[in-house]
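# Chains, contacts and geometry: an overview
Chain by chain, the residues run as shown.
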Amino acid sequence: MSLFQVDGLVKRFGALVATDHVSLAVNAGEVHALIGPNGAGKSTLVNLISGLVPADAGHISLDGVNLTPLPMHARVRAGLSRCFQITSIFREATVMDNLLLAAQAHAGSSLHVLRDRRHEQPLADTARALAERVGLAHELDRTAGTLPHGAQRKLDVALALAARPRLLLLDEPMAGMGPEDSERMTELIHRLKADMAILLIEHDMKAVFALADRISVLVYGRVLVSGSVDEIRGNPQVQAVYLGTEDTMAEAA
Ligand code: ADP
Ligand code: MG
């Protein structure tokens, strides 16, 4: 059985079926990439999985735990953590304070931590380790909002890692990045793979082909096809869906 499983997930917005009986599985140690044109329902699926939006039907489980009835925070506690398409950092706070808040939120610690956060050594250690992990150890004192875009996305990933997830959901982590930042984010995600399963939504085909163990193609809310990188790359149906962006696929091949 897979670490993470989604079965028959449905979400309707009025007459629109944004998620149409989607089933997919992510194995431990695997990156499962979800691709598809704009409006295919990728973000909706991530919202359903994280619990931000309630599903109309279907079933979600992580490591044998039924997540379906659980609210978002309980899903996080069960081992599921996400990054948003739009960053969720506190722009006015320093990198360190962002990380401390995240570490504290998941430490289940008491109120005295709030009084004097910096002297709470274990939390500070955790915050530093998180910064180290995403390559921001040298930016701890910087105001988060002044970081370049790529570094803000890394901080975003670090905040999600504070929950110590078994499954990490990444919604377009390369969005708005130049090739150099994309490359670094690809390396970061590759390193994370050793410690957690990852469901990656990404438009950057180069990154998807470099990282994915399995790819599912979402079209009009449905999984059109699911397979290995080679299977997806050579699939004529997928190429038809990406007609006009074929160059992108060819470039990344
Ligand atoms: P993607 O992330 O693949 O671009 P989305 O999941 O954002 O796609 O959107 C899938 C479809 O659902 C789109 O047609 C979008 O307009 C619609 N949709 C998404 N969220 C809502 C909402 N809250 N209310 C109504 N329609 C929505
Ligand atoms: Mg989206």
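Just so it is clear, the structure is predicted and the values come from calculations on it, not from any experiment.

## Re the environment of I232
Following the sequence through the fold, I232 ends up in helix α9 (residues 229-233). Accessibility expressed as a relative area gives 0% for I232, which makes it buried. Setting aside residues no more than four positions away along its own chain, I232 makes contact with I35, I215, V217, V225, S226, G227 and V238.

## Considering the pairing of strand β6 (residues 80-83)
Covered by surrounding structure in β6 are L80 and R82 together with S81 and C83, the residues of both alternating faces. Alignment of β6 against strand β7 (residues 167-171), held across four bridges, turns out to be parallel. Bridging across to β7, S81 finds its partner in L168.

## Remarks on the packing of aromatic side chains
The final tally for this structure, using the stated rule, is zero aromatic pairs. Against the face of F209 rests R233, its NZ or CZ located 4.5 Å from the ring centre.

## Topic: the site of ligand 1
Lining the immediate surroundings of ligand 1 are F13, L16, A18, P37, N38, G39, A40, G41, K42, S43 and T44. One nitrogen or oxygen atom from the side chain of K42 is found 2.8 Å from an oxygen atom belonging to ligand 1. For ligand 1, an oxygen atom lies 2.6 Å from a polar atom in the side chain of T44. Protein chains bury 56% of the 560 Å² of accessible surface belonging to ligand 1 in isolation. Every element with two or more residues in the shell around ligand 1 is listed here: β2 (16-26) and α1 (42-50).

## With respect to the environment of D213
Turning to its location among the elements, D213 is positioned in the loop between α8 (205-211) and β9 (214-219). The class for D213 is partly exposed, based on a relative accessible area of 33%. In this structure, the C-alpha to C-alpha distance between D213 and G227, residues 14 residues apart in sequence, is 8.6 Å. Residues in contact with D213, not counting those within four places in the same chain, are G29, E30, V31, K193 and S228. A polar side-chain atom of D213 sits 2.7 Å from the main-chain amide nitrogen of V31.

## A look at the sheet that holds β9
Strands sit in the order β6-β7-β8-β3-β9-β10 across an open sheet of six strands; the sheet is mixed. Edge positions in the sheet fall to β6 and β10 (222-227), since each has one partner strand and no second. On average, adjacent strands in this sheet sit at an angle of 20° to one another, irrespective of strand direction. Judged from the five bridges that link them, β9 and β10 form a sheet pairing that is antiparallel. The residue bridging I215 from the neighbouring strand is G227, located in β10. Seen against the sheet, helix α6 (residues 149-161) touches β6 and β7 and runs at an angle of roughly 165° to β6.

Calculation rules
Residues numbered from 1 in each chain as written. Chains lettered and ligands numbered in written order. Predicted model: local features only at pLDDT ≥ 70, side-chain atom pairs only at ≥ 80, totals over all residues. Heavy atoms only, no water. Helix = DSSP H or I, 4+ residues; strand = E, 2+ residues; numbered from the N terminus. Buried < 20%, exposed > 50% of the residue type's maximum accessible area, 1.4 Å probe, protein only. Contact = heavy atoms within 4.5 Å. Pairing = 2+ DSSP bridges. Phe/Tyr/Trp six-rings, centres within 6.5 Å; stacked < 30°, edge-to-face > 60°. Lys NZ or Arg CZ within 6 Å of the ring centre and 35° of its normal. Near = heavy atom within 4 Å. Polar contact = N/O pair within 3.5 Å; in protein donor to acceptor, adjacent residues only side chain to side chain. Areas by Shrake-Rupley, 256 points an atom, 1.4 Å probe, with all protein chains shown as cover. Axes fitted to C-alpha atoms, helices over the stretch in contact; angles between N-to-C directions.

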